[in-house]
Amino acid sequence: GWEQYVQTDQRDPIVRERVYASQWHPCTRKMVYDMTESASLPPFDADSLARMQRGRNRERDILIDLQRVGRLVEPQFDVIGGQERFELKNRKGITVISGKVDARIRFTKDRRSKGHPLEIKSWNPNIIAGVTSFDDLLQGRWTRAGAHQLLGYLLGMEEEIGILLLDRPGIPLPLEVELSRYFDRAEHFQSQAEEATAYVRKERGAKMPDFIDDAIECKKCDFFGAVCNPPITHNADMKIITDD
């Protein structure tokens, strides 16, 4: 019965022409497959769906607690908005990245401000063990996409300051993010999305992005060996050792 309950969260994959902000990858080709080939992947099992549901519930509870926390500090702040629609467009006005911002934090003294974009992440505690800064998230294989997600929001909303609130055992860790420090990364994300979406929309002259030159990254890709078969067998860094 519980399996049937969580299975209601299963969503049928769709072909789309924009990159979800949460699906940044170092491989631009994979960003194309996320838009066009998701149906080739096996559906999430019940345990995976339950973990995702638990994460969403935890993020909702954190927002409730955060609203109470805002009344106890000086200066006070409010948690406003919720699942605010976000779109980052190219020079032609075509949306290349989209997503939803969890909420905004607006300090009481800045009533005229729209508030700072807030993204909450509730990852496995083992993944974030030892994380103390935003730079740490950019280095982690399982956390770097979430870090780029917030950078995409800041770039698209033309906001300088954002906050990533990291759930963890004990008190959640707020990480302030200044777009100017990571502007190159945010712009690179945008250029990747423009390249990927141009190919999906079949724009004139658009080509399928090249394979990434990283055998380790390829072998951990969900699409590897299915719809994507990169020529990694000749990678100079690979060695085969026979050890009886």
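Residues numbered from 1 in each chain as written. Predicted model: local features only at pLDDT ≥ 70, side-chain atom pairs only at ≥ 80, totals over all residues. Heavy atoms only, no water.

Participant: An account of the pattern of salt bridges is requested, with residue identities and associated values reported.
Facilitator: Tallied over the full model, the rule gives 14 salt bridges. Across the pair R85 and E87 runs a salt bridge, and its minimum N-O distance is 3.9 Å. With a closest N to O distance of 2.3 Å, E203 and R201 form a salt bridge. Accessibility expressed as a relative area gives 22% for E203, which makes it partly exposed. (Salt bridge = Lys/Arg side-chain N within 4 Å of Asp/Glu carboxyl O. Buried < 20%, exposed > 50% of the residue type's maximum accessible area, 1.4 Å probe, protein only.)

Participant: Could you give me a rundown of the side chain of R144, with the residues and numbers involved?
Facilitator: Locating R144 in the fold gives a position in helix α6 (residues 144-157). Residue R144 is classed as buried on the basis of its relative accessible area, which comes to 16%. Filtering out sequence-adjacent residues up to four positions away, R144 remains in contact with W24, P26, L137, L138 and E217. (Helix = DSSP H or I, 4+ residues; strand = E, 2+ residues; numbered from the N terminus. Contact = heavy atoms within 4.5 Å.)

Participant: Residue-level account of the pairing of strand β5 (residues 103-107), with values.
Facilitator: Within a regular strand, side chains alternate between the sheet's two faces. Among the five residues of β5, four are classified as buried, and the element is accordingly described as predominantly covered. For strand β2 (residues 77-80) and β5, the ladder comprises four bridges, and the chain directions are antiparallel. Residue pairing in the sheet places I80 in a bridge with R104 of β5. Of the strand pairs in this sheet, β5 and strand β6 (residues 116-121) are connected by three bridges, and their pairing is antiparallel. Along β6, the bridge assignment pairs R104 with P117. (Pairing = 2+ DSSP bridges.)

Participant: Please provide a residue-by-residue account of the sheet that holds strand β7 (residues 161-166), values included.
Facilitator: Strand order in the open sheet formed by five strands is β2-β5-β6-β7-β8, with mixed pairing between adjacent strands. Among the strands making up the open sheet, the edge pair consists of β2 and β8 (173-178). Between one strand axis and the next, the sheet turns by 30° as a mean value, whatever way the strands run. Where helix α3 (residues 46-69) meets the sheet, its contacts fall on β2, β5, β6 and β7, and the angle it forms with β2 comes to roughly 150°. (Axes fitted to C-alpha atoms, helices over the stretch in contact; angles between N-to-C directions.)

Participant: Please give an account of the environment of D222 that cites residues and values.
Facilitator: Take D222: it is sitting in the segment after α8 (215-219). Its relative accessible area of 53% is what places D222 among the exposed residues. Separated by 181 residues in sequence, D222 and L41 have C-alpha atoms that sit 7.3 Å apart.

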